[in-house]
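Remarks on the overall topology
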Amino acid sequence: MTSVEEGQIQIHTENIFPIIKKAVYSDHEIFLRELISNGVDAISKRRMASIAGDCDAIEGEGDIKITINREDHSLTISDNGIGMTSDEIKKYINQVAFSSAEEFLRKYEQNNEGIIGHFGLGFYSSFMVAKNVEIITKSATKDSKAYKWKCDGSPKFILEETNKENIGTDVVLYLLEEETEYIEPTRIKTLVKKYCDFMPVDIKLSDEILNKKNPPWRKNPSEMQDKDYIDLYKYLYPFQGDPLLWIHLNTDYPYNLQGILYFPKMTGRADWESGEIKLYCNQVFVSDSIKEVVPRYLLPLRGVIDSTDIPLNVSRSALQSDRKVRSIGNFISKKIASKLKNIKNENDKFYAEIWESIAPFIKIGAMEDDKFSEQVEDLIIFRTCKSDTFTENENIISYEENNFTTIKDYLNRIISKENQKVIYCTDEISQSNALNLWLTQGNEVLMADTVIDSQFIPWLESRNEKLNFQRVDSEIDDNMKDESPELEDIQGENNSEILRDIIKHSLDNEKVTVQVKSLKGNTSIPAMILLPEQMRRINDIGALMEQKLPGLPENHVLLINKNHPIVSGLTKLNKSSIILGSEGSTHNEKLIKEISLHLYQMACLSTGGIDPKGMSDFQQRNSDLIGTLIEKII
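Right, let's walk through the structure included here. All figures in this text were calculated on a predicted structure; none of them were measured in a lab. Chains are numbered independently. Their residues run from 1 in the order of the written sequence. Two thresholds apply to this predicted model, a pLDDT of at least 70 for residue-level local features and 80 or more for giving and counting side-chain atom pairs, whereas whole-chain, interface and lining totals are computed over all residues. As a rule here, side-chain values come from all non-hydrogen atoms in the structure, and water together with hydrogens is ignored.

Right, let's get into the pairing of strand 10 (residues 202–205). Pairs of strands are assigned from DSSP output, requiring at least two bridges between the strands. Secondary structure elements are defined from DSSP: runs of H or I of at least 4 residues count as helices, runs of E of at least 2 residues count as strands, and each element is numbered from the N terminus. Sheet analysis places strand 3 (residues 63–69) next to strand 10, joined by four bridges and oriented parallel. Across the sheet, Asp63 pairs through a bridge with Asp202, a residue of strand 10.

As structure tokens, this is what we get:
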């Protein structure tokens, strides 16, 4: 066989450096993606050159064939693309200086659809898994000879004439001992599905087509049915059920970008750091970690972004600062906001149905992105409740038994009322007493019961100095209290003051402020814990920083409802006591203290403010107290 040339590859440091370090990519398996991409690139070039009359057209469809040889541990990737002349081998293989795709496009002045040229050094990824690599190629230009190029991973190479009947290129990899996993058909199939599933030509192994080939996101949305979108979602994310909704992205200015993004049904805590959106470049899978491309608040979305305008071979820090990449992120955010706005305007019941799942995206996005905040300002809704029903003109969105409202509409409804604060509840169970108290007085209460609301509410207040949120258990408005004057005893004290002193003495805790009030029209609540708004928020922030659930702050208010039978009974019990001894103790003193402590622990229990030991004490006191009262009756 005639040797055409022997020599050394002309290495340009800025291109070859990653290869020398054996780290073109973090995973060795990427080599297969790169070689298949190069083959697809060659097929696209041949099609374009044949249109210009510079070479013969491909007979039939272009394809990539993968051949496994177990005997010599080799793997061959073959294409029927444009092939290379000896000069082109020297230029594009030996002189690792520039991408052939760029020069090819300049020559034919065609749209770069299907030219993968971004992968530059792709061929040299072969040496991550192979000890020797051969290129056997025949150019599609007329009267071309076939050539073989051989290299063992060093700068030395051999270029010689050879025999090859068909136009195209075969890349033969003689695998390293530790890389023989790549002669296993199952491994090859897995990698093709992962990286090359949507490439535009057939990829074959033993005549079996391994890839789906036609990516739905490259189609016009008018060609797609709901079933097509759902099928793609289930194919990409098996066993995840159906998506809530999707957004089809398609633009070619000021950058080229296609894709389909899905809102998944949120069943637990979302991953706001890694992400599940798959990044493609010209239908070639690149990564499912795209933190540098989309804003953090969109990372839990799923789907595909396909763009040739995202630089792939740069550092992550450079990617984050790239103006075009930031622009792409803003474009995606804007399209999502527009889609959600259309849903809310056209089908508000469906919007209410999906609100629980989309709320974290919108709220976190609003807090982190000022532009996005402006776009979704009217999309933020809260579940709302009040004792009577809403009327048709109150701008309420209803879904099943739930009602939803915006803050703006809520404020419009309460504008004529004395209370101008936004009253909200974060837990219908632990705050049930306080919630019912507000509702029975005809107030409307918003539910802010997602984890993010503890940060979102202060953010809303910071955006509007006139906006003031108050949780149902922070304080009680004066219109809920019966402020009728009370009769005073001979010492100038009234029943409320006496009760307060009795309970405060029984608790013996200076950090608990005791208030005794008559609650209007409500005798079902004997006592409740009030947590002043700002004090509670500070406590919640501290718990968040320590990564624990917020407990009951040491400083809090115990509100005693003088109208409740237990409290009125406590008053009678105190009045009927006979003072015994020089110290002024009474025979009911222990019972009064136990009832007072019982009232306090019941209030703490409803707020989740009792630890395991306190719960044990409460159960014991409850049993003892019932026993004592039965003895008195008998």
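Once you've had a look at it, read on.
Another aspect to go through is the sheet that holds strand 22 (residues 469–471). Either a parallel or an antiparallel arrangement is found when strands of a sheet pair, and the pairing is made through backbone hydrogen bonds. If you trace the six strands from one edge of the open sheet to the other, you get 18-19-17-21-20-22, paired in mixed fashion. Sheet topology places strand 18 (397–399) and strand 22 at the edges, where each strand pairs with a single neighbour. This sheet shows a mean twist of 40° between the axes of neighbouring strands, independent of strand direction. Two strands pair when backbone bridges link them, and strand 20 (residues 422–425) and strand 22 are joined in this way by three bridges, in the parallel orientation. Opposite Ile423, over in strand 22, you have Gln470 as the bridge partner. Together, strand 17 (382–385), strand 20, strand 21 (445–447) and strand 22 form the strand contacts of helix 12 (residues 432–440), whose direction differs from that of strand 21 by roughly 140°. Angles shown run from 0 to 180 degrees and are taken between the N-to-C directions of axes, each axis being a line fitted to C-alpha atoms and, for helices, limited to the stretch in contact. Only heavy atoms enter the contact rule, under which two residues are in contact if any of them lie within 4.5 Å.

Note on placement: Thr406 falls in the loop between strand 19 (402–405) and helix 11 (407–414). Of note is the side chain of Thr406, whose polar atom sits 3.1 Å from the side chain of Asp409. N or O atoms within 3.5 Å of each other form a polar contact, as long as, within protein, one can give a hydrogen and the other can take it, and as long as residues adjacent in sequence are counted only when both atoms are side-chain atoms.

Take Asp79: it is sitting in strand 4 (residues 74–79). To sort residues, take the accessible area from a 1.4 Å probe on protein chains only and compare it with the maximum for the residue type: under 20% means buried, over 50% means exposed, and anything in between is partly exposed. For the purpose of charge, His is not counted, nor are the chain termini; Lys and Arg are scored as positive and Asp and Glu as negative. For this document, the term salt bridge refers to a Lys or Arg side-chain nitrogen within 4 Å of an Asp or Glu carboxyl oxygen. Of the side chains with opposite charge, Arg46 comes closest to the buried, unpaired Asp79, at an N-O distance of 7.3 Å. At 2.8 Å, the side chain of Asp79 and the backbone nitrogen of Gly81 are in polar contact. The residues contacting Asp79, other than those within four sequence positions of it, are Gly39, Ala42, Ile43, Asp63, Ile64, Ile167, Gly168 and Thr169.

Glancing now at the packing of helix 14 (residues 495–507) against helix 17 (residues 589–606). Orientation of helix 14 relative to helix 17, taken along the N-to-C sense of each, is 85°, at an axis distance of 9 Å. In terms of axis orientation, helix 14 runs roughly perpendicular to helix 17. Residues Ile502, Ile503, His505, Ser506 and Leu507 of helix 14 lie in contact with helix 17, whose contacting residues are Glu589, Ile592, Lys593, Ser596, Leu597 and Tyr600. Note that Gly is not counted as nonpolar here; it falls among the polar residues with everything else outside the nonpolar set of Ala, Val, Leu, Ile, Met, Phe, Trp, Tyr, Cys and Pro and the charged set of Asp, Glu, Lys and Arg. Taken together, the residues that form the contact of helix 14 with helix 17 break down as six nonpolar, three polar and two charged. Working definition: roughly parallel below 35 degrees, roughly antiparallel above 145 degrees, roughly perpendicular at 65 to 115 degrees, and oblique for all remaining angles.

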